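Summary of structural features
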Amino acid sequence: MDEWDAPEWLNRYRAFKSLCAAVSGEYIRFSLTTGCGDVSYTHSQRTEGLPNYSCRLEARDGAVLMLELDNWRGRPDDVRRVVRKWLGEHSNLRGCKPAQTHYGGDEYWRTQLQHANQ
């Protein structure tokens with residue numbers, strides 16, 4: 001059986017979905033674990049005016065992290081690392097408390113929350 005080659009538009013869309021998963025995954029772990037509301041997340045399929053195939057984080061301090069697919073395609077570990085670092089630099093965890101859920105939280109963000117509230 002011949003292997004089907006997906007068209008480039010489909011490969012690009014799949015890569016964008018992977019980018020969104022990497023960015024929103026770290027954002028969700030951060031948000032659920034810390035309860036911090038200093039940052040919002042969106043992407044170009046949800047928000048007009050953003051570059052096509054991009055994800056955006058915006059902090060209360062006015063900082064913006066824009067991740068465009070062409071710069072990050074195929075680099076999910078780098079994306080997660082950059083997003084985690086940026087979230088740490090542009091959020092204030094002092095006084096934050098996670099919502100009561102069954103989610104145990106992300107170990108990295110639990111540690112950051114504990115350090116901020118000592």
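Up top is the structure these notes are about.
A few points on the structure. (Residues numbered from 1 in each chain as written. Predicted model: local features only at pLDDT ≥ 70, side-chain atom pairs only at ≥ 80, totals over all residues. Heavy atoms only, no water.)

Applying the stated rule across the entire model yields twelve salt bridges. A salt bridge links Glu26 to Arg84; the shortest N-O distance between them is 3.1 Å. A residue pair is termed long-range when its members are at least 10 positions apart, and Glu26 in helix 1 (residues 8-34) and Arg84 in helix 3 (residues 76-89) qualify at 58 residues. Residue Glu26 is classed as buried on the basis of its relative accessible area, which comes to 2%. Across the pair Glu89 and Lys85 runs a salt bridge, and its minimum N-O distance is 2.5 Å. One end of the pair is Glu89 and the other is Lys85, both in helix 3 and four residues apart, which spans about a single turn. In this structure Glu89 comes out as partly exposed when scored by relative accessible area, which is 47%. (Salt bridge = Lys/Arg side-chain N within 4 Å of Asp/Glu carboxyl O. Helix = DSSP H or I, 4+ residues; strand = E, 2+ residues; numbered from the N terminus. Buried < 20%, exposed > 50% of the residue type's maximum accessible area, 1.4 Å probe, protein only.)

So, on to the packing of aromatic side chains. This structure, assessed with the given rule, holds four aromatic pairs. The structure contains a cluster of three or more aromatic residues connected by ring pairs, namely Phe30, Tyr108 and Trp109. The ring centre of Tyr108 lies 4.1 Å from the NZ or CZ of Arg84, which sits over that ring. (Phe/Tyr/Trp six-rings, centres within 6.5 Å; stacked < 30°, edge-to-face > 60°. Lys NZ or Arg CZ within 6 Å of the ring centre and 35° of its normal.)

On to the packing of helix 1 against helix 4 (residues 107-116). In the contact formed by helix 1 and helix 4, the axes pass within 9 Å of each other and the chain directions differ by 45°. If you check the angle between helix 1 and helix 4, you find them oblique. In this structure, the crossing between helix 1 and helix 4 has a hand that is right-handed. Across the interface between the two elements, Glu26, Arg29, Phe30, Thr33 and Thr34 of helix 1 pack against Trp109, Arg110 and Leu113 of helix 4. Of the residues that constitute the contact of helix 1 with helix 4, the class distribution is three nonpolar, two polar and three charged. (Axes fitted to C-alpha atoms, helices over the stretch in contact; angles between N-to-C directions. Parallel < 35°, antiparallel > 145°, perpendicular 65-115°, else oblique. Left-handed = near helix turned anticlockwise from the far one by under 90°. Contact = heavy atoms within 4.5 Å. Nonpolar A, V, L, I, M, F, W, Y, C, P; charged D, E, K, R; others polar.)

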